[in-house]
Every structure is written in structure tokens, then in C-alpha cells.
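# Architecture and fold: a report
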Amino acid sequence: MKDSATNGGLPRGSGEGTRAVRAGLPEPVKYEPTLPGPVFAAHFHLPGEPTGPYTYGRDENPTWTHLERAIGELEAPGRDGVETLVFASGMAAISSVLFSQLRAGDTVVLPDDGYQALPLVRAQLEAYGIEVRTAPTAGDAQLGVLDGAKLLWIESPSNPGLDVCDIRRLVGAAHARGALVAVDNTLATPLGQRPLELGADFSVASGTKQLTGHGDVLLGYVTGRAGEPMTAVRRWRKIVGAVPGPMEAWLAHRSIATLQLRVDRQNASALAVAEALRGRPEVSGLRYPGLPDDPSHKVASQQMRRYGCVVSFTLPTRARAERFLEALRLVDDATSFGGVRSTAERRGRWGGDAVPEGFIRLSVGAEDPKDLVTDVLRALEESAR
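Below or above, wherever it landed, is the structure these notes cover.

## Things to note about the overall build of the protein
Looking only at helices and strands, one finds eleven helices and 14 strands in the protein. Overall, the C-alpha framework of the protein stretches about 75 × 55 × 35 Å when taken along its three principal axes. Here the protein holds 385 residues, and 54% of them are scored as buried. Contacts in the protein between residues far apart in sequence, at least 24 positions, make up 68% of those at least 6 positions apart. Accessible area for the protein stands at about 16,200 Å²; split by element, carbon and sulfur atoms hold 55% of it. The protein carries 43 positive and 46 negative side-chain charges, and their two centres are separated by 1 Å.

See below:
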């Protein structure tokens, strides 16, 4: 029997590194691995009545269970009555919340500066007869369009612009109007921000990014208070079948063990890069919430423990941005963010984001910060030629 001072096998008050390393591990069994290998099973032995935790591979899997417990212990440490569900991708997790909670005639509020797939989501919601309102993340602008909404969707910090809103304030206003609140916590990770502690009903994220951190897994998750809303999310996952493979789930759990080490290194390096870019004449619109003079810094400091690994800025022209990316040696020209290897891209190449042609989203990895800063500054100089 576990000690009453523990939660999920971890002593209450455990540090974040301890929690990341040990989250979701099963009770130790002699001669068994500390993290059991992936369970590859479409069905399980099931004589008699179909009761018990594992019946069919679309509903549950022991490898998911360990991962879901791990994420839950990071998103809501020490809290009972919280449930986590893992999905095949971040978009599967996002879709599960939106389409399980909303019906024809309902209203949802989305950010107009969020993830680039949200316009596709908006079109599908509207096709189902759901009213979609949008407002920017900055300045808590979503407050102005909340009346009558069934669900408020927050993305803070926003991707790719890195604006931040006051989550507590928005949650309070939404709940006073009878609306549920979901927060996309992808960029912050549970070590940077815990939306449920800020009052949100759902914390949703792409585990593809910094949570797993190696650019080799597609994964998403939803963490929320146990109850009908989460039951509806689970039901949606079952209907759609948007479930992760056991190997992906196992790789994700394995990777979480180094989350605190990676996050601390990447966040510190991101600040160093941002400080090096400050004052460069060719750089405009520099954003990083950890900079004291960033427009988001004050609010971010009230609700975030870490500021993330992404820095954004704009170079004068599309051509200059392309030359900069080509000149980088330690930074891969690739999409996504949060990996141990630094990446950057000219975000406007995808469309869907209201950013200038020279806008760069730089995801800072785990390289030596001095080497990374040197590479970025050298690429800036070369791109001017």
C-alpha cells in the first residue's frame, strides 16, 4: 500500500526533475524493467464478462496508461480527480476537445493568432453549424467576444507570435458566463505552465514538440478534471480511433525522463539568443517572453515558471531571411519546435500565419549556448552580403 503522502508513487512536493524522471512508472517488480516495454496488442484475453482495464486496443493499452499517468503527474502534481488521455497527434487532441464539447448552434471563441491549422478547424466547425468568434491573444482581447460562448480556446504563449494572455482572468470571465476553457499548453510544456492550476478545464498539447523533444514521435494529449467533459473526450477518441501506437507512447514516456534537463537548457539558451539579437539593426519585432522588455513579460511572469524555447523575429525581406537560414550551420531549416536540435524556418512559407515575409521562428535546442549564439550572429552577418 502506498504511503498517504504520495501521489502516483511520488512523494508529495517532489522536485520537477524527480517528477519527470519517475512520473508514471509502475510499482517495482523483481526482475522486471523499471519502464516496461511497449505492449503490442489489438486484443486481450477476455473470458466471461468484458470487465477490467484492458479489453480492446482502441480503448486502452497498458503503455498508454503509464504515459497518461506520467503526463498527469506533470500537469497536475498532487491533485486527485484529474484524467489524461493520449492521442495520435496534437491535432487529434485539439479536435477531440472541440468536437466533443460543441454542437450545432453553439459558439466557440478561438485565438486569431494561434496555430496555423486553426483556420482549417474553424472551417469544419462552421460547416457543422457552430459559430466561431476570434480575437487576438494579446491584451486579453478574447474577453470582448465571450458572451454566449460554450467554449473558450486559449493559446498562450501563442504560436508563432509569442503573445501571452492572462489565463486566470480569462478563465474567471469564461466560467462566470458558463463557458468551458481549454488552454493549448504546447509551447510552455507542463514545466513552464500548468493551465489547470490557473483554473482551466482542459490542458491540451502536442507531445510532438518539447514534451518528447527528439522530433521522432507524433503525439497529443488532453488533461482535465474527471467528469462529463473528459468522458466526452474519451468517447470521441473511441469513435474517431485517434489513438497512438504503443511504440510512440513508450518512446514518449522514455523521453519525458529528460524533460526538466532539456527544458532548463533550452530555455536558458533561448534567452541568450534573444539577448544577442536585441539591438541588431536588421532585426525587428523580436519576441521572447523571458526578455524583461518583452510586451508579454509581465503577464508571463505571473503565470509561467519558464518562458519556452522559441524566439521569433523579423528580417527586412524574404530574401534576407532565406539567406540567413541557409547560412546557419547548427540550426536545421525545419518546421516544428522543441527538439534537442535547434530548428528555424521562415514561417510565411506555409501561409495561414499573419506574419511578415521575413518572419523567423527559431526553436532553440540543447547545443552549447555560446556555439549557438555565435552561429546565429555569424549567419546574420553572412546574410547581409
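## With respect to the side chain of R237
When you line up the elements, R237 lands in helix α6 (residues 228-240). Looking at R237, its side chain comes within polar contact range of the main-chain oxygen of D59, at 3.4 Å. The residues contacting R237, other than those within four sequence positions of it, are D59, E60, W64, E68, L85, V86, F87, A242 and V243.

## A few points about the nonpolar core
Burial of nonpolar side chains together is a common tendency in soluble globular proteins. Counting 31 residues, the largest nonpolar core has L277, V311, F313 and F324 as the members making the most contacts within it. Elements with a contribution of two residues or more to this core: α8 (259-277), β11 (310-314), α10 (318-327), β14 (359-363) and α11 (369-383). Here the element with the most residues in this core is α11; it accounts for five residues. The residues contacting V311, other than those within four sequence positions of it, are L162, A270, A274, L277, L286, R287, Y288, I360, R361, L362 and V364. F99, L110, V132 and M230 belong to the second largest nonpolar core, which has 25 residues in total.

## Some thoughts on the sheet that holds strand β3 (residues 82-87)
Taken in spatial order, the seven strands line up as β3-β9-β8-β7-β6-β4-β5 in an open sheet, and their pairing is mixed. The open sheet has two free edges, formed respectively by β3 and β5 (131-135), since each of these has just one partner strand. If you compare each strand with its neighbour and ignore which way they point, the axes differ by 20 degrees on average. The pairing of strand β7 (residues 180-184) with strand β8 (residues 202-206) spans three bridges and is classified as parallel. Bridging across to β8, A182 finds its partner in F202. Sheet contacts for helix α3 (residues 90-101): β3, β4 (107-111), β6 (151-155), β7, β8 and β9 (220-225); angle to β8, the most-contacted strand, approximately 150 degrees.

## Section: helix α2 (residues 62-75)
A rise of 1.5 Å per residue sets the reference length of α2, with its 14 residues, at 20 Å; its end C-alpha atoms lie 20 Å apart and thus fit the reference within 8%. The element α2 is largely enclosed, with a buried count of 13 among its 14 residues.

Scoring rules and cut-offs
Residues numbered from 1 in each chain as written. Predicted model: local features only at pLDDT ≥ 70, side-chain atom pairs only at ≥ 80, totals over all residues. Heavy atoms only, no water. Helix = DSSP H or I, 4+ residues; strand = E, 2+ residues; numbered from the N terminus. Buried < 20%, exposed > 50% of the residue type's maximum accessible area, 1.4 Å probe, protein only. Contact = heavy atoms within 4.5 Å. Areas by Shrake-Rupley, 256 points an atom, 1.4 Å probe, with all protein chains shown as cover. Lys, Arg positive; Asp, Glu negative; His and termini not counted. Charge placed at Lys NZ, Arg CZ, Asp CG, Glu CD. Polar contact = N/O pair within 3.5 Å; in protein donor to acceptor, adjacent residues only side chain to side chain. Core = buried A, V, L, I, M, F, W, Y, C linked by side-chain atoms within 4.5 Å. Pairing = 2+ DSSP bridges. Axes fitted to C-alpha atoms, helices over the stretch in contact; angles between N-to-C directions. Expected span 1.5 Å × (residues − 1).

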